[in-house]
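# Understanding the architecture of this molecule
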Amino acid sequence: CNVVVLLSGTGSNLQALIDSTGDGENPARIAAVIANRSDAYGLQRARQAGIATQVLEHADFADRDAFDQALMQAIDSFAPQLVVLAGFMRILTPAFVRHYHGRLLNIHPSLLPRHKGLHTHQRALQAGDAEHGCTVHFVTEELDGGPLVVQAVVPVQSQDTAASLAQRVHTQEHHVYPLAVRWFAEGRLRLGDSGPLLDGNPL
Ligand code: GRF
């Protein structure tokens, strides 16, 4: 199962995916990593792992539609069965999201549907949440609103700061994202007409 990963930054989730796909048992294979910033550290992680990389600077395009069209072409040149957003800090157009319907995953650092958008750790603290975490979901046109695949719960501790909470959530991301990608690659996870299915059962 060919996977293309899109990212904008550090790429620790990419690293977790790289580490989980090298064992000969996981049918997921990262065919390429595409970034919208040439300074994204995730590109270096990809190069170190011998994975093809490509940079598409969104500033080089007239508008969001033009960028997304070019991005789709770049992605499709690797013929992926799955596209994985791993810290890709761009809102995607409806045309893009429709094109990859059922084969586009994202990870979000909160227990969706709580705390869509940015600054999730700070917002979980401010809201006094007892539990926080992360969510892998299929991407639909609603930002951070697509059907949920898997969540990891992180209990909030009284001395937590946004940074300490973020660190523990990140650690969980590195477990659940490779898990979801593997399920998809194994043909166990798919998006059915009425929601995600794992081994044919609604999630
Ligand atoms: C993660 O917190 C993820 O939930 C969010 O972007 C961040 C990416 O982190 N979508 P990294 O670049 O994988 O370290």
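Being a predicted model, the structure only gives us computed values, none of them experimental.

Moving on: the UniProt feature "domain: Formyl transferase N-terminal" (unreviewed entry) in the chain. Here the UniProt feature "domain: Formyl transferase N-terminal" (unreviewed entry) sits at residues 2–181. Here residues 2–181 runs as 36% helix and 23% strand, with 11 Å between its end C-alpha atoms.

Since the α-helix packs 3.6 residues into each turn, any two residues three or four apart lie on the same face. For helix α3 (residues 64–76), which comprises 13 residues, the first-to-last C-alpha distance of 18 Å matches the rise-based estimate of 18 Å (1.5 Å per residue) to within 8%. If you check which residues of α3 are buried, you get Phe67, Asp68, Leu71 and Ile75. The buried residues of α3 occupy an angular sector of 95° when the element is viewed end-on, so they sit on one face. For α3, exposure combined with an orientation more than 90 degrees from the buried face picks out Asp65, Ala66 and Gln73. In the core, the buried residues of α3 are packed alongside β1 (2–7), β2 (29–35), β4 (82–85) and α4 (94–99).

Around the ligand there are 14 residues in total, and Thr10, Ser12, Asn13, Gly87 and Pro109 lie nearest to it. For the shell around the ligand, the secondary-structure elements that each account for two or more residues are α1 (12–21), β5 (104–108) and α6 (162–185). Within the shell around the ligand, the residues separate by chemical class into five nonpolar, eight polar and one charged. Here the shell around the ligand spans two domains, and each of domain 1 (1–100) and domain 2 (108–139 + 148–203) adds at least three residues to it.

What follows deals with the domain arrangement of the chain. How big an interface is tends to be reported as the loss of accessible area on association of its parts. Here the chain is described as being made up of domain 1 (1–100) and domain 2 (108–139 + 148–203). For domain 1 versus domain 2, the distance between C-alpha centres works out to 20 Å. Counting residues at the interface gives 14 residues for domain 1, matched by 11 residues for domain 2. Of all the elements in the fold, those that place two or more residues in the side of domain 1 that touches domain 2 are α1 and β4. Sorting elements by how many residues they give to the side of domain 1 that touches domain 2 places α1 first, with five residues. Its residues assigned to classes, the side of domain 1 that touches domain 2 comprises 10 nonpolar, four polar and no charged.

Let us look at the sheet that holds β1. Within a sheet, neighbouring strands are paired by backbone hydrogen bonds and run either parallel or antiparallel to one another. Taken in spatial order, the seven strands of this open sheet run β3-β2-β1-β4-β5-β6-β7, and their pairing is mixed. Only two strands of the sheet have a single partner each, and these edge strands are β3 (52–55) and β7 (148–155). Neighbour-to-neighbour, the strand axes of the sheet open up by a mean angle of 20°, direction not taken into account. With six bridges joining them, β1 and β2 adopt parallel strand pairing. By the bridge assignment, valine 4 is partnered in β2 with alanine 32.

Criteria and thresholds
- Residues numbered from 1 in each chain as written.
- Predicted model: local features only at pLDDT ≥ 70, side-chain atom pairs only at ≥ 80, totals over all residues.
- UniProt positions renumbered as here; feature names shortened; annotations may be inferred.
- Helix = DSSP H or I, 4+ residues; strand = E, 2+ residues; numbered from the N terminus.
- Expected span 1.5 Å × (residues − 1).
- Buried ≥ 20, exposed ≤ 12 C-beta atoms within 10 Å, placed from the backbone.
- Arc of directions from axis to C-beta.
- Contact = placed C-beta atoms within 7 Å.
- Near = placed C-beta within 6 Å.
- Nonpolar A, V, L, I, M, F, W, Y, C, P; charged D, E, K, R; others polar.
- Domains from an automatic or database assignment.
- Pairing = 2+ DSSP bridges.
- Axes fitted to C-alpha atoms, helices over the stretch in contact; angles between N-to-C directions.

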